[in-house]
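Close look at the chain arrangement
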Amino acid sequence: MGETKAYTFKVKPQEDSNIYRLIQIDSGKTLDDLHSAILRAFDFTAEHLYMFSRSRKPYDRDGYYSPYDDERRRADQETLSGLGWKLKETWLYLYDFGDDWMFDVTLVKMEDTEKKARTRQLEGKGALEQYPAYDEEDDWEDEEDWEEDSEGDFAEETEDLPFEDNIIRDFFLGEDWDEEDDLDIMSPVEVLPTNKTMEKLLKQKSKEELEALMGRMGIELPPVPKGKRKVPVYAAALAEELNKDMEPLLRLLTGESMEFLVQLTEGKKVTLADCLGMMGELDIYFACGLADLEEFDEGVIRLTPEARKCAEICAQKERRQQIEVIVKQESAMKRFLNLYGVIEAEKFLPMLNSYNGCSMEMEEFYDKVLVPNAYWDSISVLKREGDEIIYVSILEEEDAEWVLSQREEFDDIKDYREFSAQERKALEQGGIISLIPSMKELIDYLLDVKEVEEEECMFLVSELMHEGMMGVDIEDFIAECGDILRDNDIRMTHRLREMVEAVLEECPSAVLKGYSIKEYGKR
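Calculation rules
Each chain has its residues counted from 1, following the order in which its sequence is written. Owing to the predicted nature of the model, reporting of local features is limited to residues with pLDDT of at least 70; listing and counting of side-chain atom pairs is limited to 80 or more, with chain, interface and lining totals taken over all residues. No hydrogens and no water enter the side-chain calculation; it runs on all heavy atoms of the structure. In this analysis an axis means a line fitted to C-alpha atoms, helices contributing only their contacting stretch, and an angle means the value between N-to-C directions, from 0 to 180 degrees. Elements are defined by DSSP. Helices are runs of H or I of four residues or more, strands are runs of E of two residues or more, and each kind is numbered from the N terminus. Here the angle decides the label: under 35 degrees means roughly parallel, over 145 means roughly antiparallel, 65 to 115 means roughly perpendicular, and every other value means oblique. Any two residues having at least one pair of non-hydrogen atoms within 4.5 Å are treated as being in contact. For two strands to count as paired, DSSP must find a minimum of two bridges between them. Take the number of residues in a helix, subtract one, and multiply by 1.5 Å to get its expected span. The classification of residues rests on relative accessible area computed with a 1.4 Å probe and restricted to protein chains. Under 20% of the type maximum is buried, over 50% is exposed, and intermediate values are partly exposed. Any Phe, Tyr or Trp ring, taking Trp's six-membered ring, that has another such ring centre within 6.5 Å forms a pair; planes under 30 degrees apart are called stacked, those over 60 apart edge-to-face, and the others tilted. Any Lys NZ or Arg CZ that is within 6 Å of a ring centre and within 35 degrees of that ring's normal is treated as a charge sitting over the ring.

1. Things to note about the packing of helix α10 (residues 255-265) against helix α13 (residues 305-314)
Packed helices, taken two at a time, are described by the angle between their axes plus the distance between the axes. In the contact formed by α10 and α13, the axes pass within 9 Å of each other and the chain directions differ by 110 degrees. The orientation of α10 relative to α13 falls into the category roughly perpendicular. Along the contact surface, α10 presents Met-258, Leu-261, Val-262 and Thr-265, while α13 presents Ala-307, Arg-308, Cys-310, Ala-311 and Cys-314.

If you want it as structure tokens, here you go:
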């Protein structure tokens, strides 16, 4: 009998029962963990409230709600095993208390396991579009009704349509992209002032986003007068505090976001290609009310006065030198996390200091590198239950936990793999692919022989490297990428299987602390 159980859920949107996902998750995980797994499986962004209902009632008083809801039972405090979820029992999962996405979640399988099961998608069919494009005339046919209800703070808040955080990704990756457009990504971007204030941009955020932002900055939530909406009050209070002192915001910015902000304000040439490499940083500016990106698809970035104030502070000589060190550490940190997956902070910092010729102390590393990057989801910082060791990871938290549990079976690997100067140079120039000799043959085969689209080929390569890092086998890769393989009429022939297995054997494994399966076999 195993010590824990692996649950498999079939999740179907109520609007189309032909679409589904099979998700495996450990029974010790919470409903909040299941919520995150469902969003990842359907490629939804995690920016709205949600609830689960055993009786399948929307907004059920006895349901389990987002951690932000202090008045109802919290989903992050209820484990799946503790709920007594029965086999074949179906619950309602409702996401986004505006669009009301409703899913039927059925427990279809329970099996005993010796180790905690890794959260993953086993199978899936069909796709959902979280933000479908509506016909503009149909969408606003009841505009008069909106005007009747729009008064006071609500009218002020809806003067501008909400701007999607992922406009930059949409622009480059397909939503607004027209291959027939003669767009030169090396053309310069105009950086101009905006007539919108930080406060006005912050009003476009959700209550939860503002609460999280203010909490991380250490700014108290203001009291909300009766009859007033929370978002305008929070946005005004946050903007007022930051205009008095920008330091709480600067402590939340990553080194790269501060460096790029200075570059934007100094009049230096910035191209669309530069911005493509800084999508995450531009998202940070928008999230913090520093930039208006509505005209980005026309090659224009508009900065608020507060953004220029931040840039002036960052451009000061001493501050700029500090930022340069932070950027070097961030860059090396992400590069090596792609090899190790998860690593103890106390072992990681000496590696980074040696690599960059720095002398950063642990407190500074934690406050200026780990905390900001973890807040913006570039990395995760975690502690295991009953363990005081701080781990740094580029993996999802449950994947990092799984890797750490698997390492216990390879206790003969005491130290992390060291990379030679030549390997480090190759890593800087070509990324992790440069360390996997068999990868080139596979990519050439997919592009030239099977004529797979480049974007889908890169997705397959990315998934393959992730599976290799996790130390899993070829069948897991096929399960994860089955749809793409089928869509491109790719059968797992003997030849293709050999190439995929060669990549998996040569890929640095997080379980093996950066060693590949092939290298470990030689050891």
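2. Considering the sheet that holds strand β11 (residues 300-303)
Two modes of strand pairing occur in sheets, parallel and antiparallel, and in both the strands are linked by backbone hydrogen bonds. Spatial strand order, β9-β11-β10: 3 strands in an open sheet with mixed pairing. Of all the strands in the sheet, the pair left with one neighbour each is β9 (190-193) and β10 (291-292). Two elements, β9 and β11, share 4 bridges in a ladder whose sense is parallel. Its bridge partner lying in β11, Glu-190 is registered against Val-300.

3. Some points on helix α20 (residues 454-470)
A rise of 1.5 Å per residue sets the reference length of α20, with its 17 residues, at 24 Å; its end C-alpha atoms lie 24 Å apart and thus fit the reference within 8%. Within the span of α20, buried status applies to Cys-457, Leu-460, Val-461, Glu-463, Leu-464, Met-465, Glu-467, Gly-468, Met-469 and Met-470. Directly beyond the C-terminal end of α20, a positive phi value near 75 degrees is found at Gly-471.

4. What about the pairing of strand β2 (residues 20-26)?
Across the 7 residues that make up β2, a large majority, 7, are buried. Here β2 shows no split at all, with Tyr-20, Leu-22, Gln-24 and Asp-26 on one side and Arg-21, Ile-23 and Ile-25 on the other all buried. Here strand β1 (residues 4-13) pairs with β2 via 6 bridges, running antiparallel. Bridged to Phe-9 within β2 is Ile-23. Counting the residues that bridge the hairpin from β1 to β2 gives 6 residues.

5. Concerning the packing of aromatic side chains
Applying the stated rule across the entire model yields 21 aromatic pairs. Relative to Phe-52, the ring of Tyr-50 has its centre 6.0 Å away and its plane inclined at 85 degrees; by these criteria the two rings are edge-to-face. For the pair shown, Tyr-50 and Phe-52 are each scored as buried. Arranged with centres 6.4 Å apart and planes meeting at 20 degrees, the rings of Tyr-93 and Tyr-95 form a pair that is stacked. The class of Tyr-95 is buried, set by a relative accessible area of 0%. Put simply, the rings of Phe-42, Phe-44, Tyr-50, Phe-52, Tyr-93, Tyr-95, Trp-101 and Phe-103 touch in pairs and so form one group of aromatic residues. Between the NZ or CZ atom of Lys-10 and the centre of the ring of Tyr-20, over which it lies, the distance is 4.7 Å. The lysine or arginine in question, Arg-72, covers the ring of Tyr-65, its NZ or CZ lying 4.9 Å from the ring centre.

6. Looking at the sheet that holds strand β12 (residues 342-344)
Pairing is antiparallel across the open sheet formed by 3 strands, whose spatial order is β12-β14-β13. One side of each edge strand has no neighbouring strand; the edge strands of this open sheet are β12 and β13 (380-382). Pairs of neighbouring strands in the sheet enclose a mean axial angle of 25 degrees, with direction left out of account. Across the sheet, helix α15 (residues 345-356) touches β12 and β14 (391-393), and the angle it forms with β12 is around 90 degrees. In this fold helix α17 (residues 397-407) packs onto β12, β13 and β14, with an angle of close to 70 degrees to the strand it touches most, β12.

7. Focus on the pairing of strand β6 (residues 90-95)
Within β6, 6 of the 6 residues are buried, which leaves the element mostly enclosed by the surrounding structure. Burial along β6 is two-sided: the residues Thr-90, Leu-92 and Leu-94 and Trp-91, Tyr-93 and Tyr-95 are all buried. The pairing of strand β3 (residues 50-53) with β6 spans 4 bridges and is classified as antiparallel. Bridge assignment links Ser-53 to a residue of β6, and that residue is Leu-92. Bridge analysis of β6 against strand β7 (residues 101-113) gives 6 bridges, and the strand direction is antiparallel.

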